[in-house]
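Commentary on secondary and tertiary structure
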Amino acid sequence: MNDALNNIIVPVLYLLSAVLFIFGLKGLTRVRSARRGNALAALAMLIAIVTTLLDLGMVDYQWIIAGLIVGGLIGAIAAIKVEMTAMPEMVALFNGFGGGASALVALSIVWKELVEPAYAGSAADALGGASAITAFLSILIGSITLSGSFVAFLKLSGKIGGQPTLLPARHVINSLLFLVCATAGIYIGFFSTEPSSMITGALVATIISLILGVLMVIPIGGADMPVIISFLNSLSGLAAAMTGFVLSNNVLIISGALVGASGLILTQIMCVAMNRTLGNVLFSGFGQEGGSADAGEYGTVRSYSPEEAAMVLETVESLVIVPGYGLAVAQAQHTVKELADLLQKRGVKVSYAIHPVAGRMPGHMNVLLAEADVPYEQLIEMDTINPEFKTTDAVLVVGANDVVNPAAEKDPSSPIAGMPVLQVWEAQTVMMIKRSLSPGFAGIKNELFEYDNNMMVFGDAKKVLQEIVSEVKSLIAAA
Amino acid sequence: MMGPLLVGIYVFVLACFVGFEIITKIPPTLHTPLMSGANAISGITLVGSLAAASSGELAMSSVLAFVAIIFATINVVGGFLVTDRMLGMFGKKRVKS
């Protein structure tokens, strides 16, 4: 019975789990099937966990049960409590935990097989050369993912500044740290022969990997954050696959590779949306090259009150709303919807222009507006809406900046030159709701502020919109 | 007959190709949920941490594995729930419209 269990049932269930993961991931790529895809992937995970417990047989479950309960509660509470606007940083945080878990598994194996039995030999002697290498890779990649994701979380949630922090000679520092880390890995893998040196080597490798993760993410500017999160997600998959090699567990290898590869493709898609390459994002601090175009002084910027904005809105026949991160921060999605409903009742054609990287994550705005019940059909992608701006009466930019910056098309020396942007300046009137003239996440000047057809309305997005809504209402009532 | 390492490498490479092929075209709306869902799948490392935590003794290795289980479970449970919440918002207005 036990033989049948171990040789047939367990591998078959693992295979089923791997197949369901593939179907789940596939489902997640289409709007219609996305929710079911996610559920399938969750089912696959459940099968994998139950199968592993079956495979373990009668062991001491106290650690396992306690860990599952504690982790499950923390995860569930965090997932249910989190605001929709804070979604990007939540995903970054979860991702860090996944990477950290992979590193901890590898460390646990090193302790169990080498340190605790006081094994007199290297990791390669005890585990085999390949496992020694993959265990090290698992520690390296997992720790980088953990600390990198945590820095990304802090940056996105505004606990530390979003601007890139550039150390002098950071490429040299990173290379040296990596060399030291790799040396420690080779040492514990092939040369260490006693527990104390094994512990030292493992700790050195872990700590340096954690530092590398921090150093990798701090030079990344805010606008590139979505890319780095996607990249870290890919890395956490890779770390899981490496753990799979150490444990000779195929379901780990398959799912890890799936996430690693699909994460890399998604990262690539996002880079293309911003007209950058991944290498460029990772190795050049954003906004460094085009120093001259940076946050310069503004000339004539025309500032208007919400009342004046309402007067313009009262007369338009078509309106395009461009949401950005400011909308998310101010939680203004419901107020925007209220304004749109008000105007639509008067026969105004209202649509939303969604830039692929608006907000802090691709699709961030879609999720947010969906929460406010904005119909899916009103969300128009950039390539479709750009030709329509010429015939649009008014554009209302709510808390977006870099994604409507004409410099991307008109100034070849700008750091964002070539990045596709929404051509809002083609419209009759542009109204920008912004807290101040401060530059956006990319840290560069936006000359749209000075355009003749642009009206700046300063203030918190939600407050300004509420005032506009009440003004429009009273204008309608008066008419 | 291939050794387990070679089998592992075969599986790894082929799974990478599957991953590349699945994500060829994807609407921008789904970028965030896909990232979040894939992130939950990477919590599969939970399977590894379960195997590592199977000894009941109080040793460093068990403590490390215990923390690994907590981390991975946060990733799995939180990841799938958050993804479902996001996708639920898309479903909500489809019913209405």
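What counts, and where the lines are drawn
- Within any chain, residue numbers begin from 1 and follow the written order of that chain's sequence.
- Numbering of ligands from 1 and lettering of chains from A proceed in the order in which they are written.
- Predicted model: local features are reported for residues with pLDDT of at least 70 only, side-chain atom pairs are reported and counted for 80 or more only, and whole-chain, interface and lining totals are derived from all residues.
- Note that water and hydrogens are dropped before the side-chain values are worked out from all heavy atoms of the structure.
- Labels follow the DSSP assignment, with helices taken as runs of H or I lasting at least four residues and strands as runs of E lasting at least two, numbered in each case from the N terminus.
- Partly exposed describes any residue whose relative accessible area lies between the buried limit of under 20% and the exposed limit of over 50%, with all areas from a 1.4 Å probe on protein chains only and scaled to the type maximum.
- What makes two residues a contact is simply this: any of their non-hydrogen atoms within 4.5 Å.
- All accessible areas in this document rest on Shrake-Rupley with a 1.4 Å probe, and a residue is counted as covered only by the protein chains that are shown.
- Charged residues are defined here as Lys and Arg on the positive side and Asp and Glu on the negative side; His and the ends of the chain fall outside this count.
- By convention, charge coordinates are those of NZ in Lys, CZ in Arg, CG in Asp, or CD in Glu.
- When DSSP finds two or more bridges between two strands, those strands count as paired.
- For helices, the fitted axis covers only the stretch in contact; all axes are lines through C-alpha atoms, and the angles between them, taken along N-to-C directions, range from 0 to 180 degrees.
- Any angle that falls under 35 degrees is termed roughly parallel, while one over 145 is termed roughly antiparallel, one within 65 to 115 roughly perpendicular, and all others oblique.
- The handedness criterion is simple: a crossing whose near helix is rotated anticlockwise from the far helix by less than a right angle is left-handed, and one whose near helix is rotated clockwise is right-handed.
- Following the grouping adopted for this structure description, the nonpolar residues are Ala, Val, Leu, Ile, Met, Phe, Trp, Tyr, Cys and Pro, the charged ones are Asp, Glu, Lys and Arg, and the polar ones are all others, Gly among them.
- The split into domains, and so the bounds of each, comes from an automatic or database assignment of domains.

1. A look at the overall build of chain A
When helices and strands are counted, chain A shows 18 helices and six strands. On the principal axes, the C-alpha backbone points of chain A span a range of 85 × 55 × 35 Å. A burial count over chain A gives 58% of its 479 residues as buried. Of the contacts made within chain A by residues no fewer than 6 positions apart, 78% connect residues no fewer than 24 positions apart. Put simply, chain A shows about 18,500 Å² of open surface, and 63% of that area lies on carbon and sulfur atoms. Separation of charge centres in chain A, based on 25 positive and 36 negative side chains, amounts to 4 Å.

2. Digging into the sheet that holds strand β5 (residues 429-434) of chain A
Residue and element names in this part refer to chain A. Overall, parallel pairing links the six strands, which are arranged β3-β2-β1-β4-β5-β6 in an open sheet. Of all strands in the sheet, those with a lone pairing partner are β3 (379-381) and β6 (454-458), marking the two edges. Within this sheet the neighbouring strands show an average axis-to-axis angle of 25°, counted without direction. By the bridge criterion, three bridges tie strand β2 (residues 349-354) to β3 in an arrangement that is parallel. Bridged to Ile354 within β3 is Glu381. Helix α12 (residues 306-315) rests against β1 (318-323), β5 and β6 of the sheet, and its axis sits at about 135° to β6. Seen against the sheet, helix α18 (residues 461-478) touches β4 (394-398), β5 and β6 and runs at an angle of roughly 130° to β5.

3. Some points on the pairing of β5(A)
All names here are of chain A. For β5, the tally of buried residues reaches six of six residues, placing the bulk of the element in the interior. Residue alternation in β5 divides its side chains into two sets, Thr429, Met431 and Ile433 and Val430, Met432 and Lys434, and both sets are buried. With five bridges connecting them, β4 and β5 associate as parallel partners. Pairing of Val395 across the sheet is with Val430, part of β5. Of the strand pairs in this sheet, β5 and β6 are connected by five bridges, and their pairing is parallel. Looking at β6, one finds that Met431 is bridged to Met455.

4. So, the packing of helix α14 (residues 333-345) of chain A against α18(A)
Residues and elements named next belong to chain A. Where α14 contacts α18, the axes come no closer than 9 Å and their chain directions differ by 20°. One way to sum up the angle between α14 and α18 is to call them roughly parallel. The element α14 and its partner α18 pack so that their crossing is left-handed. Counted together, Thr335, Val336, Glu338, Leu339, Leu342 and Leu343 of α14 and Lys462, Leu465, Gln466, Ile468, Val469, Val472, Lys473 and Ile476 of α18 form the full contact between these two elements. Residues of the contact of α14 with α18, tallied by class, amount to nine nonpolar, two polar and three charged.

5. A short note on the packing of helix α9 (residues 225-247) of chain A against helix α1 (residues 4-22) of chain B
For any two helices packed against each other, one specifies the crossing angle of their axes together with the interaxial distance. For the pair α9(A) and α1(B), interaxial distance at closest approach is 10 Å and the crossing angle is 155°. The orientation of α9(A) relative to α1(B) falls into the category roughly antiparallel. The element α9(A) and its partner α1(B) pack so that their crossing is right-handed. For the pair formed by α9(A) and α1(B), the contact residues are A:Leu238, A:Ala241 and A:Phe245 on the first element and B:Leu5, B:Gly8, B:Ile9 and B:Phe12 on the second. Looking at side-chain class alone, the contact of α9(A) with α1(B) contains six nonpolar, one polar and no charged residues.

6. As for the domain arrangement of chain A
For chain A, the assigned domains are domain 1 (1-81), domain 2 (88-283) and domain 3 (293-478). Just the C-alpha atoms count here: the centres of domain 2 of chain A and domain 3 of chain A sit 39 Å apart.

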